[in-house]
Amino acid sequence: MQTNDCLDSLAGGGAPNIAAASPHPGLALSDRATEMLLSADSPAAAPLREQLTTTDGVIIVSNLLPVNIRKIVVDGHIDFEVSWNHDHLLSMKTKAMDGLRVLWVGGVHVTMDAKGGGGLFDGAGDFADVDEMDEMLLEQRLLEFNCVPVLISHDILNSHHDFCRTSLFPVFNSVVDVYGPRATENVSSTAHKKNWECYVRVNRKFAEKTTQRYEPGDLIWVHNYQLMLVPSYLLQKMPQATICFYMHQPWPSSELFRTLSVREEILLGMLNSDMIGFQSFDFARNFLTACSRLLGLSYSVKKGGNLTIDYNGRHVEIYIEHVSVEPDMLSEQLHHQSVRKSIEEYT
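Thresholds applied
Residues numbered from 1 in each chain as written. Predicted model: local features only at pLDDT ≥ 70, side-chain atom pairs only at ≥ 80, totals over all residues. Heavy atoms only, no water. Buried < 20%, exposed > 50% of the residue type's maximum accessible area, 1.4 Å probe, protein only. Helix = DSSP H or I, 4+ residues; strand = E, 2+ residues; numbered from the N terminus. Pairing = 2+ DSSP bridges. pLDDT = per-residue confidence, 0-100. Contact = heavy atoms within 4.5 Å. Salt bridge = Lys/Arg side-chain N within 4 Å of Asp/Glu carboxyl O. Axes fitted to C-alpha atoms, helices over the stretch in contact; angles between N-to-C directions. Phe/Tyr/Trp six-rings, centres within 6.5 Å; stacked < 30°, edge-to-face > 60°. Lys NZ or Arg CZ within 6 Å of the ring centre and 35° of its normal.

A separate point is the pairing of strand S4 (residues 101–107). Buried residues dominate S4, accounting for six of its seven residues. Bridge count between strand S1 (residues 57–64) and S4: seven bridges; the pairing is parallel. By the bridge assignment, Ile 60 is partnered in S4 with Trp 104.

Here the focus is the confidence of the model for the protein. Per-residue pLDDT for the protein has a mean of 77; in total, 72% of the residues score no lower than 70. Taken together, the stretch residues 1–49 has pLDDT below 50 and engages in 129 contacts with residues farther than four places along the chain or on a different chain.

With that settled, the discussion passes to the pattern of salt bridges. Counting across every chain of the model gives eight salt bridges. Between Glu 215 and Arg 101 there is a salt bridge, with the nearest N and O atoms lying 3.4 Å from each other. Within this pair, whereas Glu 215 is found in the loop between helix H5 (189–213) and strand S7 (219–223), its partner Arg 101 is found in strand S4, the two being separated by 114 residues in sequence. Taking relative accessible area as the criterion, Glu 215 reaches 40% and is therefore assigned partly exposed.

Moving on, we come to the sheet that holds strand S9 (residues 275–278). Spatially, nine strands are ordered S6-S4-S1-S7-S8-S9-S12-S11-S10 in an open sheet, and the strand pairing comes out mixed. Two strands lie at the open edges of the sheet, namely strand S6 (147–149) and strand S10 (299–301), each paired on one side alone. Geometrically, the sheet is characterised by an average inter-axis angle of 25° between neighbouring strands, direction not taken into account. Here H5 sits on the sheet in contact with S1, S4, S6 and S7, set at roughly 160° to S1. Each of S7 and strand S8 (242–246) is contacted by helix H6 (residues 230–237), which is oriented at about 175° to S8, the strand it contacts most.

With four of its five residues buried, strand S11 (residues 307–311) lies for the most part within the structure. Bridge count for S10 against S11 is three bridges, and the pairing is antiparallel. Bridge assignment links Val 301 to a residue of S11, and that residue is Leu 307. Following S10, the chain reverses through five residues before pairing antiparallel with S11; Gly 304 in that reversal takes a positive phi of roughly 95°. For S11 and strand S12 (residues 314–320), the ladder comprises five bridges, and the chain directions are antiparallel. When the bridges of S12 are listed, Asp 310 appears paired with His 315.

With the rule as written, the count across this model stands at 13 aromatic pairs. Arranged with centres 5.1 Å apart and planes meeting at 50°, the rings of Phe 163 and Tyr 199 form a pair that is tilted. Taken together, the residues span a long stretch of sequence, with Phe 163 in helix H4 (residues 154–172) and Tyr 199 in helix H5 at a distance of 36 residues. Relative accessible area serves as the criterion here: at 0%, Phe 163 is assigned to the buried category. Classification of Tyr 199 by relative accessible area gives buried; the value is 0%. Summarising the aromatic geometry, the rings of Phe 172 and Tyr 225 are spaced 6.2 Å apart at their centres and angled 85° between planes, so their arrangement reads as edge-to-face. In this pair, Phe 172 sits in helix H4 while Tyr 225 sits in the loop between S7 and H6, placing the two residues 53 residues apart along the sequence. For the pair Phe 172 and Tyr 225, one class covers both residues: buried. Positioned above the aromatic ring of Phe 169 is the side chain of Arg 165, whose terminal nitrogen or guanidinium carbon lies 4.2 Å from the ring centre.

Right, let's talk about the environment of Lys 205 for a bit. By the element assignment, Lys 205 lies in helix H5. Put simply, Lys 205 and Ile 152 are 53 residues apart on the chain and 8.1 Å apart in space, counted from C-alpha to C-alpha. With residues up to four places along the chain from it excluded, the contact list for Lys 205 reads Val 150, Leu 151 and Ile 152.

With that out of the way, let us pick up the environment of Ile 320. In this structure, Ile 320 sits in strand S12. Sequence-wise, Ile 320 and Asn 306 are 14 residues apart; in three dimensions their C-alpha atoms are separated by 9.8 Å. In this structure Ile 320 touches Phe 278, Gln 279, Ser 280, Phe 281, Ala 284 and Leu 307, once residues within four positions along its chain are discounted.

Let us now look at unusual backbone geometry. For Ser 174, which is not glycine, the phi torsion reads 55° and is therefore positive. Residue placement: Ser 174 occurs in the loop between H4 and H5. Judged by its relative accessible area of 41%, Ser 174 falls in the partly exposed class.

As structure tokens, then:
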């Protein structure tokens, strides 16, 4: 994604005045955490500066940190070997970030083998447990890479992953039967409820860890469908924060999205952002239509062509930004010694 454009847009965003909607009757899985998400009131937001300075920072919150982590044993003691994962989409550092404090907050995938890499939920490599005694050491190692780990038990993470892959992913990618008995086939209502509760717990944990590292003036940039409730939990604690949410997945038509039992919780969670980004206009239009039909919210085009949606007396900006190659980063890599050597080998 063109990080420069997103950061430039964020620099002028104001902080929202949060007043979440009241709980809606008849929602499935309306547990205590869901009620908090829907009904908690937050104090008025404080005014923010219009431009970023070198004392400001950007906190990038993602499902997985852009690092490879391997658990090793050195002289009989546990240690962690950490390396930067250049294949991770969010590992890129661009000129827009020069002079800013950039911090990554996310989950970790710790392996015991020599492969490293892989994803937190894709089954690559062998998972290594991180007990409480190892957590401080791992945090120290990751701090060298400006990364903050969100450590959650495997059981909760697995349920969170199940909810993402069996309930959310099919809907967002439009591979569900709208007229079938349920959108999430082969998932019982009991399992669905458990998975949703774990999804809520994981989102709350990510928000708590981000809140601990937030400093006034920071921009918080939350990524993808695994963390759609994070903006609400962040602004309950920090109404002065400026938050951007970027959706990497497609956004389905409102006919498909309404098949989710927790559709309103998801929409309200995202709408507690200052800005919401999508990869195409079609996805943004589907999101706006869902907000209009399911929540009764209106949207409009403001001066300059910016799409905005009105939510509780404030304006949430909707922007379209494609995932693409960073020219500056590509040019820099082309002049790297190892790349030049490889070019000579193949020419």
